[in-house]
Structures are given as C-alpha cells and as structure tokens.
Amino acid sequence: MNKKIDILSARNVFFATLLFAAVVLAFLAPKAAVNVDEQLHYPQAKRVVNWYFTGGRDVSSLDTPVTNLKYYGQSVDNITALVNRVFHVEDEFLIRHYFGALFFWLLLLFASMIGYQLTGSFWAATLTVVSMLVMPRLFGQAFGNLKDIPFATGYAAGVFMIIRFVKELPEPKWSSAIWLGASIAFTCSVRIGGLILFAYLGLALVTYIISKPFFLKYIVSTKLCFVRFLGQVLVIVFIGYFFGLLFWPFALQDVFHNPLESLSVMEHYKVSIRQIFEGGLLWSTQLPWYYFPKWLAISTPEFIFLGLIFYTVFLVKNRLKQNNKQLFFELFVVFALLFPIVYVLVIGSNLYSGVRQMLFVLPLFAVLSAVGFIKLLQSKTIKPVKIAAVFFYFILMVLPFKQQAATFPADYIYFNTISGGNKKAWSNYEYDYYFHGIKESSEYLIKLVGDKDVTVACNCNLSNYFEDVSNIKYRYSRYLERSSVDWDYGLFGVNYIHPFQLKNKTWQSAQIIKTFYHEGNPISVLLKRSDKNDFKGISEIDSGNIEKGEQLIKEAIQSDPNNVWLFVYLAKVCFEKNNFEEFDGFLKKGFELHPFYEPLYLLKAQKLFDDKKYNESLETLQSLIEINPRYRNAAPLLKAVKDKLK
C-alpha cells in the first residue's frame, strides 16, 4: 500500500513539475531575445513556404551558395513561417519563441521518460525535468534556437521510442512502431543527422536479440510474428525517412541523393567562423580537437557532473547484480550519449559556438545524472552520507539557477564555478555569440531617442528591434570599422573583438555613453557621436580629398583615441604622401592598440615591398596569415612578393 501511494505521489509531482515548466516557458517566451541565427533561418523559412505556395516556381530557397541553408530541413522554422503567413501574424518572432517553448517542453517530456524507462521511478523523471531547467546552456536556448532544441527533442524522442519498441519484443505494438518512425522523421526534418537513429535502432535490435536467443527463435519460427515484425520495421523505415523530407524542398528534388549530400555537408561544414577560445581568436576550422570536450567541461553545471559520478559508481559497482535487461537499456543510453561525441571528434567536424551544435547530447547528461542521484537515494549508503550528498547536490543546483534568474534573456551565457565562472571566461572564450545582450540595450536606446530621427549602427543583423520604430534607421557596421558608416548612435555587441583588446581595454571608445553588463562583464555598448569628423574624413579620403580628410580624422582621433581604424586611414594617407616618418608613427600607435590587426600588417608589408625588402615583406605577410589565414586582402601582395623572390 505504501509503495502504491509513493508511486502515485511521485507521478503527481512529476506531472506538476511538467505543468510548472509549461507555465514558466509560456511566461518567458514573450520576454526572450531574438538571436542572430533567427534572422538567418527565418527568411529562409519564408522562402521555403513560398516554394510550396508557388508550386515550386519560387526557387530562391534552393539557391543558397553562401549560407548553405538549402541543406537544412529546419522544419520547425518552416512551420512558424507557415503559421505566420496563414494567420497574418504581426509579431512573427513571438510565434517562433512560443514554438521554441513548446518543443523545449516536449524535450523535457521525452528526456524525463527516458529516465523513467531506466529506473521505473517518476522521481528520476522529475529530477530530469528539474535538471534540464537549470542547465543554462540548454534552457537558455529554449525560445530562439529552432534548430538545435527541436533536433534534441527528436533525438530524445527517438531514443525513448527505441527503448520502448525493444522492450516490447518479441511482439512490439504497432503504435510504438508508428511513433518511432514519426520520431525519426521529425528529427531528420530538422537536420538530416537524425538518420543516426536508424543505426541506433538496428544496433539495439541486433544486440538485444543476440542477448535473448529465445526472441530470435520465436520471431523467426512464428510466421505471424515474423511478418508483423518485418512489416513494423519497414513502416519505421518508410515513415522515418520519407516523412522527414516532406517540408524540405532541396530533399524533394532527389529524395535519395540530396539528403545524403546534406549529411556529407553537415559532417564537414565548410563555413568557418572566428571564435575566441583559450584566449586566442581562431577560425572554427583551426580549433583543436578538444574544443567540444573543453566546452562541455566549462559550461556544464557541477551538479550534473556530481550525478554522473554517482551514476558511474553504481553502474560499475552493480553491473553484475543488475537485471540484464535494465543494464542493456542503460548502456544503450550511455552509447547514445557518447557515440555522437566520439564520432565528431574522430571525423574532425567543424564545431563552433560552444556546445550549441551538440546540444542534443545535453538532455542525456541530465538523464544519467538524475538516474545516478536516484540510485544513491535508493542504495544502502549510510544515512548521513546520503543527507550530505543531497544537500551538496541541491546547493550546486542553486548556483546556475541564481545566474539564470539574474541574467535572462542572456542566461545561456554560463560558465561553471570550477572553471572560474563567467568572470574568467570573458575575453578567453566566446561569450554572447547569439547577441542576446542587444535586446536590453536596444530597448534602452529606443526610450533614449524618443521621437528623434536617428540612424543606429549595429554589428549584428538584429534590425527586428527597430522595425516598428519609424524614426530609427538601421545600419550594419563592424565595430572596429564603425567610422566608415554614417550613424548617430552605435549599438554594438562585444563580439568579434580580439582578446588582446578586451583584456587591455583598448577596444573601448570614448564615445560610449552606456555599457551593459552580464555577470559584471561588458556584453554590449551604446555609443553616441558628438560629431561625424571620422566618417566625413574617411569619406573625403575615399573621394580623393586627402588633405581635408586627413585633417578631419586627426580631429576625430582627439575625441576617440582608441579608434584603431582611424590610425589605419592616417597611415594610408601618409603612405600615399611618402611621409614615412608619420606613417611609422601611426602604424606604431595602431599596433599598440591592436597588435593583431590585419590592415596594419598589410600596410607594413606593402611599405617593405616598395622598399624592395621582399624577405621582410614576406615575413610580415606570413605573420598576418598566421593571425588570420582567411584574410583575402593579403593575396595580391603575397603573390607579388613571391614573384619577386623567384
């Protein structure tokens, strides 16, 4: 009787926790920030929807040579575009964020059900939900990341349904087969990497049947059972593969070749993005093999690691005592967690943006961590040790929660305490790569300018914050090159700035009127131009009015002495005027501000080339290429230098 009451109580707590999660997600969705990827994938989703509405005449969704977006299924993005179009929704990003919340809630459900399948305990399921809610790198992307969160949802659903299907052997239910096929189809519709679930299913079936010879004999010897099982497998394959292509125009052009081409592209993604990692600025194709493991180590909350330690101890300790069937499914989940990590490391996949691209493994970390903690509570460990472990576990859980509550909607920017926390990570690791910090600063700017007509420059594509404000015009500008753009206010995320400048504060402009912080670290800045001498000077120089432009830039430097771009322009002017004494002075000052700035190296190399110092010019260019192997502006001079040295 007591056991029955305990089960009912645990089940009630589980459903109450899921309900609480739904309320929290619904409440926070309208307050969430738009991220830079949304401004990339949502327009593609609109083009995809238009492909269907025009009967395939609009092929713009298939022509993506730069972004490679045709290779993404991105079904949830596409669904939001369809809903917004059919129902004429004005706040399009709000619908996206509600859909993000929905799929995150489904992720909570399926991951917690895996925990329940492994333990038979709703307490494990409940703890899985709570754990995922306080994993900032996971929860912080619940609303705007409609690629990685839905893919994680499909992955968790697929793992759950595989366990359920195999548990029902030798006569699985048709409903389980259909839902398993649907899970795989959905996962593939987001990213074609979901095909891995077919391999998981095959592996699970083969190994389980081998471990249970009776099942194989029964299935093969019983004609009705064999036909039924074969039919179910065929249905799973058919639904899982072909249904996953229905909302993906590129895949529908050739249903067998194009999905596999997409898989090949995704495994070795050619797009390279500059990332701050371990205090250096590297292209993602240059990042070391341990990039992802290192990010896991520094951005996963400590309580998850503690639970995993508990799980590992009990797995090793009780491996001979455990029910073989239960052990099989636990090891299957461990495999589903570890295999993708090992695989991307072995093939050298192009990973970037922290743990984002491998976000789908984080729920399984939460599952096994929760299972480990529940195993501790169910074990014969002496009571004082249990109490101490429980206390420590939940104290560790409070740490990320406090930061989440304080930093939303930029709560995904989290580094655990054992790595030194956010304070140590800033300027050493990529920080706000999604530009969530622009939301708060844009709202501040809108209130600040009131009804005044102004132009705002920003170093990201988040123009959506100003779309309903008719008096604000939006311009894109890189932060260091901001003087080349005409603007009144500059709103810049502290992104794509070299760690040297961040650490030595040479990135800070005298025009900054407000800095926005995250855990004590600058996350975005608001600049106001007192005059436009810098822009006017650059415009004059570009128009050939050298003397006038030079004078204006010299005046601009007096009010913004850390503006390295202005020193580049002054060095160019002196070079053209053969004023090499001032040229060397401006170059020296530029290097003091930013000793890794490519334009300065190029100017230095050009001067050495003109002085016929070809070896020194080549050495300078090699230093430049070491800093930035993809700096194309150096190519013509490099070729000229090599021609001279032949």
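Residues numbered from 1 in each chain as written. Predicted model: local features only at pLDDT ≥ 70, side-chain atom pairs only at ≥ 80, totals over all residues. Heavy atoms only, no water.

A. Expanded view of the sheet that holds strand S7 (residues 521-528). Strand order across the open sheet formed by five strands is S4-S3-S5-S7-S6, with mixed pairing between neighbours. Only two strands of the sheet have a single partner each, and these edge strands are strand S4 (472-476) and strand S6 (512-518). On average, each strand axis in the sheet is inclined to that of its neighbour by 20 degrees, with strand direction left out of account. Where strand S3 (residues 454-458) and strand S5 (residues 489-493) come together, three bridges link them in parallel fashion. Its bridge partner being in S5, valine 456 is matched across the sheet by tyrosine 489. Strand contacts of helix H20 (residues 438-449): S3, S4, S5, S6 and S7, with the helix running at about 170 degrees to S5, the strand carrying the most contacts. (Pairing = 2+ DSSP bridges. Helix = DSSP H or I, 4+ residues; strand = E, 2+ residues; numbered from the N terminus. Axes fitted to C-alpha atoms, helices over the stretch in contact; angles between N-to-C directions. Contact = heavy atoms within 4.5 Å.)

B. Representation of the nonpolar core in the model. Counting residues in each nonpolar core, the largest one holds 207 residues, and the members touching the most others are Phe104 and Ile114. Per-element accounting of this core gives the leading share, 12 residues, to helix H7 (residues 148-167). Isoleucine 114 has contacts with Ala156, Val159, Phe160, Ile163, Val333, Leu364 and Val367, leaving out every residue within four places of it along the chain. Membership of the second largest hydrophobic core comes to six residues, among which are Tyr42, Ala45, Val48 and Phe247. (Core = buried A, V, L, I, M, F, W, Y, C linked by side-chain atoms within 4.5 Å. Buried < 20%, exposed > 50% of the residue type's maximum accessible area, 1.4 Å probe, protein only.)

C. Representation of the side chain of aspartate 148 within the structure. Relative to the helices and strands, aspartate 148 is located in helix H7. Classification of aspartate 148 as buried rests on a relative accessible area of 2%. Not counting residues within four places of it along the chain, the set of residues in contact with aspartate 148 comprises Arg191, Arg356, Gln357, Leu359 and Tyr434.

D. Highlighting a nonpolar patch on the surface. Residues Leu216, Val220, Phe226, Val227, Leu230 and Leu234 make up a contiguous nonpolar surface patch of roughly 550 Å² in combined accessible area. Looking at the secondary structure, you find leucine 216 in helix H10 (residues 213-221). Residue classification places leucine 216 among the partly exposed positions, given a relative accessible area of 45%. (Patch = residues over 30% accessible without salt bridge, like charges linked within 9 Å, V, L, I, M, F, W, Y side chains within 5 Å. Areas by Shrake-Rupley, 256 points an atom, 1.4 Å probe, with all protein chains shown as cover. Salt bridge = Lys/Arg side-chain N within 4 Å of Asp/Glu carboxyl O.)

E. Examining unusual backbone geometry more closely. The peptide bond linking leucine 169 to proline 170 adopts the cis configuration, its omega dihedral lying at 10 degrees. Note on placement: proline 170 falls in the loop between H7 and helix H8 (174-190). At the junction of phenylalanine 408 and proline 409, the peptide bond is cis and its omega measures out at 10 degrees in the coordinates. Along the chain, proline 409 turns up in the loop between helix H18 (383-407) and helix H19 (421-425). Positive phi, normally seen in glycine, also occurs at serine 427, with a value near 80 degrees. When its relative accessible area of 7% is taken as the criterion, serine 427 is described as buried. Of note in the backbone geometry, glutamate 519 takes a positive phi value of approximately 55 degrees without being a glycine.

F. Focus on the side chain of serine 483. Mapped onto the elements, serine 483 comes out in the loop between S4 and S5. For serine 483, a relative accessible area of 0% gives the class buried. The residues touching serine 483, leaving out its near neighbours within four places in the chain, are Arg529, Asp534, Phe535, Ile538, Asn563, Trp565 and Leu566.

G. Structural context of a negative patch on the surface. A surface patch of like charges, here negative, comprises Glu90, Asp91, Glu467 and Asp468. Relative to the helices and strands, aspartate 91 is located in the loop between helix H3 (75-86) and helix H4 (92-119). By relative accessible area, which is 44% here, aspartate 91 ends up partly exposed. (Lys, Arg positive; Asp, Glu negative; His and termini not counted. Charge placed at Lys NZ, Arg CZ, Asp CG, Glu CD.)

H. Helix H15 (residues 302-317), seen in detail. Between its first and last C-alpha atoms H15 spans 23 Å; for 16 residues at 1.5 Å apiece the expected length is 22 Å, and the two agree. Within H15, burial applies to Glu302, Phe303, Ile304, Leu306, Gly307, Leu308, Phe310, Tyr311, Phe314 and Leu315. The inward-facing, buried residues of H15 abut helix H5 (122-133), helix H16 (324-347), helix H17 (362-378) and H18. (Expected span 1.5 Å × (residues − 1).)

I. Here's a closer look at the environment of tyrosine 614. Its location among the elements puts tyrosine 614 in helix H27 (residues 614-627). For tyrosine 614, the residues in contact, after removing those within four places along its chain, are Phe609, Val641, Lys644 and Leu645.

J. The packing of aromatic side chains, seen in detail. Within the structure shown, the criterion is met by 62 aromatic pairs. Centroid distance tyrosine 444 to phenylalanine 516: 5.6 Å. Interplanar angle 75 degrees. Geometry classified as edge-to-face. Residue tyrosine 444 is located in helix H20, and its partner phenylalanine 516 is located in strand S6; the two are separated by 72 residues in the primary sequence. Consider the rings of tryptophan 565 and tyrosine 569, whose centres lie 5.5 Å apart with planes at 75 degrees: the pair is edge-to-face. Linking tryptophan 565 with tyrosine 569, this pair stays in helix H24 (residues 564-576), spanning four residues, or about one helical turn. (Phe/Tyr/Trp six-rings, centres within 6.5 Å; stacked < 30°, edge-to-face > 60°.)

K. Region of interest: the pattern of salt bridges. A full pass over the atoms with the stated rule returns 24 salt bridges. As a salt-bridge pair, aspartate 148 and arginine 191 come within 2.8 Å of each other at their nearest N and O atoms. Placement of aspartate 148 in helix H7 and of arginine 191 in the loop between H8 and helix H9 (196-211) is noted, with a sequence separation of 43 residues between them. Of the two residues, aspartate 148 and arginine 191, both sit in the buried class. The shortest N-O distance in the salt bridge between arginine 164 and glutamate 168 comes to 3.8 Å. Salt bridges linked by common partners bring Asp37, Lys147, Asp148, Arg191 and Arg356 together as one network.

Without other data, these values stay purely geometric and don't point to any function.
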